[in-house]
Protein chains: 2
Amino acid sequence: MLSHTGRYAIRILGHLADHPGEMLSGTEIAGATRIPANYLAKILNQLRKRGFVESQKGWGGGFALRPAVLGVPIADVIDLFEGPQDHSGCVFELRECDGQHPCPLHEHWEKVRTSYREMLSSITIGNLATSRAP
Amino acid sequence: MLSHTGRYAIRILGHLADHPGEMLSGTEIAGATRIPANYLAKILNQLRKRGFVESQKGWGGGFALRPAVLGVPIADVIDLFEGPQDHSGCVFELRECDGQHPCPLHEHWEKVRTSYREMLSSITIGNLATSRAP
DNA sequence: AACTCCACGGATGAGTATATGCGCTGAGTA
DNA sequence: TACTCAGCGCATATACTCATCCGTGGAGTT
């Protein structure tokens, strides 16, 4: 349902959202998020190519969140790493499960899936920042 | 959230529940459930050790559901193959997430998790059988 | 007893997600 | 220009799940 990589991506974006406007080096992010540095580079690269993040090479360089993406739902991020996810079939693929012959789990799973997708689409990247109460 | 193996186990039990009292050979079950025969044997073995299934060696032998387990929730089966699942932490492990400082996703995920566990505990192995309306 | 069916078990292989290493290049500094 | 920092990309290693192979032995048949 959620790969390690997807989790990482969210954690990275959360960390970046905590430091708006700042350029954070890969090593810094790796340390803060506890993600292996080399692997993190790969993830950040994909995030960059998809426009979630901007990067700066050289001395003082690093990564920063693109301000424009603060409002986009994290579903977009997840989809990037998990692929489009075909949940057309039923969880347990118990047997043919369509409208006519729903398996005993059909409705239940529908509920789970819905609340999951709802979570992903209602939370934005901006929301990932730690909201420090005043 | 759910491994291939766990799915298989449910499918197997569903098939056995469809044929109560019958001894089905491994090959038969493999064919019906589309699970690789050799791998299926392993899963059935674990199910046997845990008392979900009884087996009969030799000619005419095979596997059958233990009648007593018709009422047990499929959560027990899943737990057997997925391990106890420690969902104590939050999905994205975004950072420290406890009652005091819940992460932005905390409540949402709680809802997802609850409806999932509810599904697993409200459906019994007996429910997996195809209920053919008269 | 010889034979066949089929569950059991350990060892081994394939595939994929995860993780690492290393050399390259651009960007700033002295 | 020489030097260092840090992103970039490719090739490779590790881990884990999923799957297969092969041999053993019990249970019934002839």
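Everything below is about the structure shown above.
Anyway, here's the lowdown on the structure attached to this text. The model shown is predicted, which means the values in this text are computed figures rather than measured ones.

### Remarks on the overall build of chain A
Okay, so step 1: Scanning chain A from N- to C-terminus turns up five helices and two strands.
Okay, so step 2: Here chain A, with 134 residues, has 42% of them falling under the buried criterion.
Okay, so step 3: Considering only residue pairs separated by 6 or more positions, chain A has 66% of its internal contacts joining residues 24 or more positions apart.
Okay, so step 4: For chain A, the exposed area adds up to about 7400 Å²; of that, 50% sits on carbon and sulfur atoms.

### Let's talk about the nonpolar core
Okay, so step 1: Residues A:Leu47, A:Phe92, B:Leu47 and B:Phe92 are the most contacted members of the largest nonpolar core, which totals 80 residues.
Okay, so step 2: With near-sequence residues (within four places) excluded, B:Leu47 lies in contact with B:Ile12, B:Leu13, B:Phe52, B:Val53, B:Val77, B:Leu80 and B:Phe81.

### Some thoughts on the packing of aromatic side chains
Okay, so step 1: For the structure on display, the rule yields four aromatic pairs over all chains.
Okay, so step 2: The interplanar angle of 75° and the centroid separation of 5.9 Å between the aromatic rings of A:Tyr8 and A:Tyr39 together place this pair among those described as edge-to-face. With a gap of 31 residues between them, A:Tyr8 in helix α1 (residues 4-18) and A:Tyr39 in helix α3 (residues 37-49) connect regions that are remote in the sequence.
Okay, so step 3: For A:Tyr8, a relative accessible area of 11% puts it in the buried group.
Okay, so step 4: Among the residues examined, A:Tyr39 registers a relative accessible area of 35% and is labelled partly exposed.
Okay, so step 5: Ring geometry for A:Trp109 against B:Tyr116: centres 6.3 Å apart, planes inclined by 70°, an arrangement best described as edge-to-face. One end of the pair, A:Trp109, is in helix α5 (residues 106-122); the other, B:Tyr116, is in helix α5 (residues 106-122), on a second chain. Across the pair, B:Tyr116 and A:Trp109 agree in class, each one buried.

### Digging into the relation of the copies chain A and chain B
Okay, so step 1: At an RMSD of 0.2 Å, chain A and chain B line up after a rotation of 179° and a shift of 0.0 Å along the axis. Expressed as a symmetry operation, the mapping of one chain copy onto the other fits a two-fold axis.
Okay, so step 2: Most of the interface of chain A is mirrored in chain B: 100% of its interface residues are interface residues there too.

### Describing the interface of chain A and chain B
Okay, so step 1: Opposite the 31 residues of chain A that make contact, chain B presents 31 residues.
Okay, so step 2: Of the roughly 2800 Å² buried at the junction of chain A and chain B (both faces included), carbon and sulfur atoms supply 69%.
Okay, so step 3: In this assembly, chain A and chain B are joined by two salt bridges.
Okay, so step 4: In this structure, B:Lys111 engages A:Glu118 in a salt bridge whose closest nitrogen and oxygen atoms are separated by 3.8 Å.
Okay, so step 5: Counting across the chain A and chain B interface gives zero residue pairs in polar contact (both at pLDDT 80 or more).

### Here we look at the protein's contact with DNA strand D
Okay, so step 1: If you check the shell around DNA strand D, you find 25 residues, and the closest are A:Gly26, B:His4, B:Thr5, B:Pro36 and B:Gly58.
Okay, so step 2: Within 4 Å of the protein, the contacting atoms of DNA strand D are drawn from sugar and phosphate to the extent of 72%.
Okay, so step 3: Of all the elements in the fold, those that place two or more residues in the surface near DNA strand D are α3, β1 (53-56) and β2 (62-65) of chain A together with α1 (4-18) and α3 (37-49) of chain B.
Okay, so step 4: The element best represented in the surface near DNA strand D is α3(A), accounting for four residues.
Okay, so step 5: Its residues assigned to classes, the surface near DNA strand D shows six nonpolar, 13 polar and six charged.

### Regarding the protein's contact with DNA strand C
Okay, so step 1: In the neighbourhood of DNA strand C, 25 residues make up the surrounding shell, with A:His4, A:Thr5, A:Pro36, A:Gly58 and B:Ser55 lying closest.
Okay, so step 2: Within 4 Å of the protein, the atoms of DNA strand C are drawn from sugar and phosphate moieties in a proportion of 69%.
Okay, so step 3: Contact distances for DNA strand C include 3.3 Å between a base nitrogen and a side-chain N or O atom of A:Asn38.
Okay, so step 4: Take B:Lys42: an N or O atom from its side chain is 2.9 Å from a base oxygen of DNA strand C.
Okay, so step 5: With four residues, α3(B) is the largest single contributor of residues to the surface near DNA strand C.
Okay, so step 6: Within the surface near DNA strand C, the residues separate by chemical class into six nonpolar, 13 polar and six charged.

Calculation rules
Residues numbered from 1 in each chain as written. Chains lettered and ligands numbered in written order. Predicted model: local features only at pLDDT ≥ 70, side-chain atom pairs only at ≥ 80, totals over all residues. Heavy atoms only, no water. Helix = DSSP H or I, 4+ residues; strand = E, 2+ residues; numbered from the N terminus. Buried < 20%, exposed > 50% of the residue type's maximum accessible area, 1.4 Å probe, protein only. Contact = heavy atoms within 4.5 Å. Areas by Shrake-Rupley, 256 points an atom, 1.4 Å probe, with all protein chains shown as cover. Core = buried A, V, L, I, M, F, W, Y, C linked by side-chain atoms within 4.5 Å. Phe/Tyr/Trp six-rings, centres within 6.5 Å; stacked < 30°, edge-to-face > 60°. Least-squares fit on C-alpha atoms with pLDDT ≥ 70 in both. Buried area = accessible area lost by both parts, 1.4 Å probe. Salt bridge = Lys/Arg side-chain N within 4 Å of Asp/Glu carboxyl O. Polar contact = N/O pair within 3.5 Å; in protein donor to acceptor, adjacent residues only side chain to side chain. Near = heavy atom within 4 Å. Nonpolar A, V, L, I, M, F, W, Y, C, P; charged D, E, K, R; others polar.

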